[in-house]
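Understanding the architecture of this molecule
One letter stands for each residue in the lines below.
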Number of protein chains: 8
Amino acid sequence: GFAKVDHHRELRQGYPEIIYCQGKTTEHVVGIVKSMLEKGSNILGTRATEEMYEAIKAFYPVVQYHPLAKTITIKQKEQEVPSSYIVVVTGGTSDIPVSEEAAITAEILGNKVERVYDVGVAGIHRLFANIDIIRGAQVVIAVAGMEGALGSVIGGLVEKPVIAVPTSVGYGANFGGLAPLLSMLNSCSSGTAVVNIDNGFGAGYMASMINHL
Amino acid sequence: GFAKVDHHRELRQGYPEIIYCQGKTTEHVVGIVKSMLEKGSNILGTRATEEMYEAIKAFYPVVQYHPLAKTITIKQKEQEVPSSYIVVVTGGTSDIPVSEEAAITAEILGNKVERVYDVGVAGIHRLFANIDIIRGAQVVIAVAGMEGALGSVIGGLVEKPVIAVPTSVGYGANFGGLAPLLSMLNSCSSGTAVVNIDNGFGAGYMASMINHL
Amino acid sequence: GFAKVDHHRELRQGYPEIIYCQGKTTEHVVGIVKSMLEKGSNILGTRATEEMYEAIKAFYPVVQYHPLAKTITIKQKEQEVPSSYIVVVTGGTSDIPVSEEAAITAEILGNKVERVYDVGVAGIHRLFANIDIIRGAQVVIAVAGMEGALGSVIGGLVEKPVIAVPTSVGYGANFGGLAPLLSMLNSCSSGTAVVNIDNGFGAGYMASMINHL
Amino acid sequence: GFAKVDHHRELRQGYPEIIYCQGKTTEHVVGIVKSMLEKGSNILGTRATEEMYEAIKAFYPVVQYHPLAKTITIKQKEQEVPSSYIVVVTGGTSDIPVSEEAAITAEILGNKVERVYDVGVAGIHRLFANIDIIRGAQVVIAVAGMEGALGSVIGGLVEKPVIAVPTSVGYGANFGGLAPLLSMLNSCSSGTAVVNIDNGFGAGYMASMINHL
Amino acid sequence: GFAKVDHHRELRQGYPEIIYCQGKTTEHVVGIVKSMLEKGSNILGTRATEEMYEAIKAFYPVVQYHPLAKTITIKQKEQEVPSSYIVVVTGGTSDIPVSEEAAITAEILGNKVERVYDVGVAGIHRLFANIDIIRGAQVVIAVAGMEGALGSVIGGLVEKPVIAVPTSVGYGANFGGLAPLLSMLNSCSSGTAVVNIDNGFGAGYMASMINHL
Amino acid sequence: GFAKVDHHRELRQGYPEIIYCQGKTTEHVVGIVKSMLEKGSNILGTRATEEMYEAIKAFYPVVQYHPLAKTITIKQKEQEVPSSYIVVVTGGTSDIPVSEEAAITAEILGNKVERVYDVGVAGIHRLFANIDIIRGAQVVIAVAGMEGALGSVIGGLVEKPVIAVPTSVGYGANFGGLAPLLSMLNSCSSGTAVVNIDNGFGAGYMASMINHL
Amino acid sequence: GFAKVDHHRELRQGYPEIIYCQGKTTEHVVGIVKSMLEKGSNILGTRATEEMYEAIKAFYPVVQYHPLAKTITIKQKEQEVPSSYIVVVTGGTSDIPVSEEAAITAEILGNKVERVYDVGVAGIHRLFANIDIIRGAQVVIAVAGMEGALGSVIGGLVEKPVIAVPTSVGYGANFGGLAPLLSMLNSCSSGTAVVNIDNGFGAGYMASMINHL
Amino acid sequence: GFAKVDHHRELRQGYPEIIYCQGKTTEHVVGIVKSMLEKGSNILGTRATEEMYEAIKAFYPVVQYHPLAKTITIKQKEQEVPSSYIVVVTGGTSDIPVSEEAAITAEILGNKVERVYDVGVAGIHRLFANIDIIRGAQVVIAVAGMEGALGSVIGGLVEKPVIAVPTSVGYGANFGGLAPLLSMLNSCSSGTAVVNIDNGFGAGYMASMINHL
Ligand SMILES: Nc1ncnc2c1ncn2[C@@H]1O[C@H](COP(=O)(O)O)[C@@H](O)[C@H]1O
Ligand SMILES: Nc1ncnc2c1ncn2[C@@H]1O[C@H](COP(=O)(O)O)[C@@H](O)[C@H]1O
Ligand SMILES: Nc1ncnc2c1ncn2[C@@H]1O[C@H](COP(=O)(O)O)[C@@H](O)[C@H]1O
Ligand SMILES: Nc1ncnc2c1ncn2[C@@H]1O[C@H](COP(=O)(O)O)[C@@H](O)[C@H]1O
Ligand SMILES: [Mg+2]
Ligand SMILES: [Mg+2]
Ligand SMILES: [Mg+2]
Ligand SMILES: [Mg+2]
Ligand SMILES: [Mg+2]
Ligand SMILES: [Mg+2]
Ligand SMILES: [Mg+2]
Ligand SMILES: [Mg+2]
């Protein structure tokens, strides 16, 4: 019975092992990384600090840190990469940390990723100027704070699955991302689903799953 | 001192007297209408029932009822009407009752009104097909439920004051209009202000004030 | 420019035209259906009443009504159907109306759909008894009210994209579906995205998009 | 098509370019300012730190910093200024930072601005003592925290458009500005619209638009 | 010990016995009334239906029903009535049911009550026209829905204890009385305390206590 | 007219002038204090820092600071003090800062105050041990965080006006004082009214008003 | 593996089978009851209508209906009943439906139950008058709406596990039971845990589990 | 009477005295500890800092500090310990501080405790691998943040009372533990009750009560 419960995890062997570093000590993260390295895994650490990176670099120099995304990545094995790509679109420049978390997650999971940043609805001509690259993608990740209208607008323009990521960018009645979250959940455009506020990782993971089908 | 407190109300003489009919009995509304008619006022009744209309028509046959807007209007005097116009834009057809309340309010207050309905962001080409009439207005009223993205998109396309009206159209995480309300308050487009959920009257009144400046 | 904005809609020609019937009169719906029939379209009406169905059957007898899902469907053209299938899983029997909306949406959009109902976490052995059919799907739609734990549990067991649909089934601190909505958004299982409370249609549409990639 | 989408932006050439400095590094802001200076634009930076100001002053000494408003302004060209004025009214002294953001925004956009501060409803005689200057304005910006009653009281006294700005001043059941926000949205005085909590910039921008009609 | 716990109830003998009728059957209420009549008590029934009143009148004809307040009162004994009075002030006419509940509660508890209705801040001159009768009271009950600004304005004008009663009158972002509740709790005027939404009874009871000190 | 609006403030001359120090600089507070001293007023500063106190002591050595209450008091004139007293009751020791703000406010306004601290319902025998001093008061201030049950229990035991003060003491689903706030507003005991979360000042002020009637 | 997952259900054989009737048709419920009767099970149907009861009585006359609790019970086998008892305590008479659901659930699960009703904190002497029967129980179920203080007070008086059930009895800022729910979760008395609003069944089930340990 | 109110506390003599250290100064805690030591009590201090521990160790060296749980424990007397045990289960490693507070509370109250950590539903096979030790317990404490599904899953698998503890672990739409709190309250598994967010102490105390019955 349990073999049954667990057997799908074998299929994930090519995947990186993932560490959610927030709330862990540097020592804890280093320990996890060391045991993963022994298994030969690719590694993705999200919400990682520069200090964690330095501690890993000390014994494994080819580790990479992405300060905007706050991710640590280690590539020991090649992944099979589909020819189709994922596009990550943001409303503003403040949404970039979340979208970089999404993009790097998708890349380490074996995907080509295009970035189209700062094309929010306040200046919608910027979105249209990039519409072909967005429509060419297999999956769209739409990252936006403030009122989160970007998700709906893209959903209406593109006939591909859209994963909307609300961010906590904003103030006042934004309530820490509640405004774009509700906005995205209520999108009147079909073909959109939503992940948690600031959850770039979750969007990148879901997009990768879809891109690998 | 009190003369001072009150003297601005003279300036409003040309304005209709306004009755908020919700929660009032038909008899109460009829009584108010009768005393206003004696003063020679134009009259606007909002949130009025058909029964109220019938009761008024019985003694004042030229009264008008607008079933979608649920408004009663009586015009006894002419109003001065500016040459510029107000445009009322809606996301969907379900938003029409609220926008008709706005439009009829603006009309009885002495304004030309253009209606551009059902041009929400799920099919944004419909909005662009009407962009000239929207841009030609002195003030824009943007009425939308669901996620309320229409407000931001119009705000980004038009260099005129936009009054955004969230509606309670939607379900689930719409929470009775909370989603479009927060969305509109957080709009990343400049030049937008917001009225209460379903408050077509308030938007029409504010737009009229601006159009008469 | 506008041709550009709109040209992707041609790709949707095979798709059914979709009517959201809630808040529309029977006459309004009948009118829309008639004009769609002329164009030769397949038709999906969601949140439709039996009265609407009867009115359409009067002039177009092969129309189908699904009382649980409250959908009206008309098939005039064949759709291309992928060999892979979508599975719709529910926690309880009260979630069936929402999941039928999802299933019928997916079917009219040209998908094979498997239903696995009433396998919620209170009796988790029922879920395991059906795990193979769930794992065999291309996309999983997980529909649950109450606390919505089904989404996370399936997410942890299946390496396929999961679209989670919170339902308003429950009472008290369920707050009309808020509890399963938050639960699903916070899922600690990767590969899950969420649509609005009770939005079976949205889940079916998104799943179809993914299944057609 | 796209020319059409964008052409209104030409009309904005006289306007300052606007930078929302929050969440940007000093280097990022300096870079934006430099490229704007080259274009000969007037510049408004909101939510700017003193450090940003010092960095700009180093190469462009006539830049101005307004510590209360936390704005940076640079005036390279003259703006046409209407003869009518905007009045900014606050309930208390703690609301001054937000109202200064509104006032300076309106000024850099080419408006005369009058300030009437600390006239909240706890001491309503102070409001009456200033009623003539408020009534003389073309547009009123009413800035208040705590319970936000100022918006309604002014709305009832003045027959001009009122833009109400809730502030996050308060504690306990103020919930970060939610109390005055709801209060202002529910105002029983006609002619009031609301912007986001603490959004002095948005109110100043909207008021300027109205004052320039 | 228990005698101690309970002995203060003797002091209340002059007081009416109070029945909260909501959620009780007519038979249940009739039963309670009969046993109270035997004890010779004065009786106040709040949230009572006309049916309950008719059932009581059948055997006790001098019972009184107040349809606006939905209260039933029976006076068997005289109460001592202080010479000072309580004033009940409302913002609008829709608030009258709640304020009548307050007024009748105060009266049956042995107080003189003055009513000043429909003097909300949208037409603040009406409030000033009645300021002397308000200032002359021992305690002020301020009843208001919508944004609830009346509480603060009266608190600022009157140097007497103000009991503020938010009502559920309003719509949209009023959220069933939440807006005036928060507004009144955050009042920047000293000397105000708040009771539950629509709790006219509680305000009348508290005011009576104060007036009897 | 305005004399009328303002004339009641003469009645307050015996009262201290009150400064809400939060959000003011030390210099600002010092300036206000100096000008009040010239007028011969008694002074109450709430939410004051030790630094503010030191700055005032430098030029006015008899100023008093109450570190728990964070209040500054200066007494230049005697106040008339009623023979009846106010009692301040707290649930726990963590509620003492808020209740000291209430107590000191009441004292500087000219009242005798009794303190009964740490008698919350988790150990209700402590409350009974102090019931006589509570029942002997003219007004009761009940200060409690956590679930705020103290307000209801005292309201049920005492036939005097109770002013309930919710505090932000607690964690988790306390939501910054929301739990005791709602609890106190819903009290099933008559004779209770509520002030804002942590608003000891407001409770002390209201209690003083009642005690001086 | 699965045998393992499921084997504990055998232990439940003595237990009744439970049907949550809300949202099910009478036919559906009848069908479930028939198949359970064949298995010889005891049956508990909660949230059942009188119509469901009549339909069952038609073929199984000894079925019992409890109109207050809205439960259907059928006893085919004897249960072992511990000598200790469960006490169900309510604040008011309006809480009785919820507490009867709890009591009947506990009884059909094989427990002796004592009922102590209408002993809320507004008249706390009634609680003390019943304290011995409460303290004598093995588990206490405390059912209360309004502010829910009963839970804390009992928790402080009794050294036994308390299961607190908030009810939706109340109005205004009760928010459908949110007030007593938060109150009970924040209880400052140790030894209390909480179930969902109005979930009498859940409390009875949990209490039975504890009483059978 | 009062002897009656209080007499059950004698039964608690074997129990430790408990100090809630949060918001207390080190001096205050030291003072309380000293007076408890004199009485010969066992002591449990929760939410204690390392500084408090050092201050106590200075005069009472055998005191123990548990840095994860942030508890201080002193054992002066032996407690009677039942042969049955309590199991504490967590979803993730971040939930360990809360579950250690629960475990240590239960231990100092005289219970055997088993810990099963990091077995959340994202990898449900880990839960099954530990199912026997969980089912063997007398009471289960289920500690989880994120979406809190662990509570329901365990409730469905185990026929013992489950005390669910939501934690504030998570981000975005977790809203400080609201998501798992609502999830646990709405659990569709019978036999679960809930304590406040992060209230490990309360769960440990309740579990101990049940284990000692
Ligand atoms: N930024 C993120 N947000 C939400 N979940 C994450 C994030 N990064 C990683 N995860 C999840 O956390 C798991 C690892 O958690 P842990 O075992 O605590 O390191 C991964 O398998 C992911 O499912
Ligand atoms: N204080 C503010 N609050 C909200 N929006 C602002 C504020 N200041 C500037 N903005 C908006 O932000 C835009 C500039 O954003 P950015 O391109 O990120 O610098 C401006 O065009 C304004 O619409
Ligand atoms: N702790 C407090 N909470 C709420 N309001 C206060 C507080 N302390 C003083 N106040 C009010 O603030 C006013 C003084 O405000 P200010 O003029 O800004 O110093 C007083 O008249 C009081 O009404
Ligand atoms: N972590 C905790 N969360 C909630 N309540 C606690 C906690 N620790 C202790 N308590 C309670 O606080 C009481 C002690 O409070 P105090 O007298 O302020 O030290 C104990 O009897 C417990 O009921
Ligand atoms: Mg789309
Ligand atoms: Mg614009
Ligand atoms: Mg998965
Ligand atoms: Mg006005
Ligand atoms: Mg006052
Ligand atoms: Mg009382
Ligand atoms: Mg207890
Ligand atoms: Mg169970």
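To start, this report covers the structure provided alongside it.

Basis of the calculations
Residues numbered from 1 in each chain as written. Chains lettered and ligands numbered in written order. Predicted model: local features only at pLDDT ≥ 70, side-chain atom pairs only at ≥ 80, totals over all residues. Heavy atoms only, no water. Least-squares fit on C-alpha atoms with pLDDT ≥ 70 in both. Contact = heavy atoms within 4.5 Å. Pairing = 2+ DSSP bridges. Helix = DSSP H or I, 4+ residues; strand = E, 2+ residues; numbered from the N terminus. Axes fitted to C-alpha atoms, helices over the stretch in contact; angles between N-to-C directions. Phe/Tyr/Trp six-rings, centres within 6.5 Å; stacked < 30°, edge-to-face > 60°. Buried < 20%, exposed > 50% of the residue type's maximum accessible area, 1.4 Å probe, protein only. Lys NZ or Arg CZ within 6 Å of the ring centre and 35° of its normal. Buried area = accessible area lost by both parts, 1.4 Å probe. Salt bridge = Lys/Arg side-chain N within 4 Å of Asp/Glu carboxyl O. Polar contact = N/O pair within 3.5 Å; in protein donor to acceptor, adjacent residues only side chain to side chain. Near = heavy atom within 4 Å. Areas by Shrake-Rupley, 256 points an atom, 1.4 Å probe, with all protein chains shown as cover. Nonpolar A, V, L, I, M, F, W, Y, C, P; charged D, E, K, R; others polar. Donors = N, O, S within 2.8 Å, 3.2 Å for Na, K, Ca; no water.

Remarks on the relation of the copies chain B and chain A
The transformation that overlays chain B on chain A combines an axial shift of 0.0 Å with a rotation of 180 degrees, and the residual RMSD is 0.0 Å. One copy is carried onto the other by what is essentially a two-fold rotation axis. Taking C-alpha positions as reference, the residue of chain B nearest the rotation axis is Ala149 of chain B, located at 2.5 Å. In this assembly the copies share their binding face: 100% of the residues contributing to the interface of chain B also contribute to that of chain A.

Thoughts on the sheet that holds strand S3 (residues 64–66) of chain A
All names here are of chain A. Within the open sheet, the 4 strands sit side by side as S1-S2-S4-S3. Their pairing is mixed. Both edges of this open sheet fall to strand S1 (17–20) and S3, since each of them pairs with a single strand only. Across the sheet, the mean angle separating the axes of adjacent strands is 15 degrees when strand polarity is ignored. In the packing of helix H2 (residues 26–38) onto the sheet, contacts are made with S1, strand S2 (43–46) and strand S4 (71–74), and the angle to S1 comes to roughly 180 degrees.

Considering the packing of aromatic side chains
Under the defined criterion, the tally for this structure stands at 28 aromatic pairs over all chains. Centre to centre, the rings of Tyr171 of chain D and Tyr20 of chain F are 6.3 Å apart; their planes meet at 35 degrees, and the pair counts as tilted. Remark: Tyr20 of chain F occurs in strand S1 (residues 17–20) and Tyr171 of chain D occurs in the loop between strand S8 (162–166) and helix H8 (178–185); the pair is interchain, linking two chains. Classification of Tyr171 of chain D by relative accessible area gives buried; the value is 17%. Since its relative accessible area comes to 27%, Tyr20 of chain F is described here as partly exposed. Aromatic side chains Phe201 of chain F and Tyr205 of chain F sit 5.8 Å apart centroid to centroid with 50 degrees between the ring planes, which places their arrangement in the tilted category. With Phe201 of chain F and Tyr205 of chain F both in helix H9 (residues 200–211) and 4 residues apart, the pair spans about one turn of that helix. For Phe201 of chain F, a relative accessible area of 14% gives the class buried. Residue class for Tyr205 of chain F comes out buried when judged on its relative accessible area of 2%. One residue, Lys34 of chain H, lies across the ring of Phe59 of chain H, its end atom 4.7 Å from the ring centre.

Some thoughts on the interface of chain A and chain C
Counting from both sides, the interface comprises 35 residues of chain A and, opposite them, 35 residues of chain C. On the chain A side of the contact with chain C, Glu159, Leu185 and Leu213 of chain A bury the most area, a combined 21% of that side's loss. Scanning the region where chain A abuts chain C turns up 0 salt bridges. Counting every contact that joins chain A to chain C gives 5 residue pairs in polar contact (both at pLDDT 80 or more). Of all elements in the fold, only helix H1 (2–6), helix H6 (131–135), helix H7 (149–157), strand S8 (162–166), helix H8 (178–185), strand S9 (192–194) and helix H9 (200–211) of chain A reach the threshold of two or more residues within the side of chain A that touches chain C.

Points about the site of ligand 4
Ligand 4 sits among Tyr171 of chain F, Cys188 and Ser190 of chain G together with Ile18, Ile19, Tyr20, Lys24, Thr46, Arg47, Glu101, Asn199 and Phe201 of chain H. Those chains with residues close to ligand 4 are chains F, G and H. When the free accessible area of ligand 4 is taken as 510 Å², the share hidden by the protein chains comes to 75%. Residue composition of the shell around ligand 4, by class: 6 nonpolar, 3 polar and 3 charged.

Considerations on the coordination of the magnesium ion (ligand 12)
Distances from the magnesium ion (ligand 12) to its protein donors, Gly155 of chain H (O) and Val158 of chain H (O), fall within 2.0 to 2.5 Å. As far as burial versus exposure is concerned, Gly155 of chain H and Val158 of chain H are alike and both buried.

Details of the site of ligand 3
The full set of residues close to ligand 3 is Tyr171 of chain D, Cys188 and Ser190 of chain E together with Ile18, Ile19, Tyr20, Lys24, Thr46, Arg47, Glu101, Asn199 and Phe201 of chain F. In this structure, ligand 3 is bordered by residues of chains D, E and F. One of the backbone nitrogen or oxygen atoms of Tyr20 of chain F is found 2.8 Å away from an oxygen atom of ligand 3. Here the shell around ligand 3 gets 3 residues from one element, more than from any other, and that element is S1 of chain F. Tallied by class, the residues present in the shell around ligand 3 amount to 6 nonpolar, 3 polar and 3 charged.

Quick notes on H8 of chain A
When you tally the buried positions in H8 of chain A, you get 8 out of 8 residues, the bulk of the element. Turning to H8 of chain A, its buried residues are Leu178, Ala179, Pro180, Leu181, Leu182, Ser183, Met184 and Leu185 of chain A.

Observations regarding the side chain of Thr73 of chain G
Residue and element names in this part refer to chain G. Here Thr73 is to be found in strand S4 (residues 71–74). Here His66 takes part through its side chain, which lies 2.9 Å from a polar atom of the side chain of Thr73. Leave out the neighbours within four places in its chain, and Thr73 touches Ile43, Leu44, Val63, Gln64, His66, Ile104 and Ile108.

Concerning the interface of chain B and chain A
Each partner contributes to the interface: chain B provides 24 residues, whereas chain A provides 24 residues. Roughly 1900 Å² of surface becomes buried between chain B and chain A when both sides are summed, with 69% attributable to carbon and sulfur atoms. Where chain B meets chain A, there are 0 salt bridges. At the boundary of chain B and chain A, one finds 8 residue pairs in polar contact (both at pLDDT 80 or more).

These figures come from the coordinates and say nothing about function on their own.
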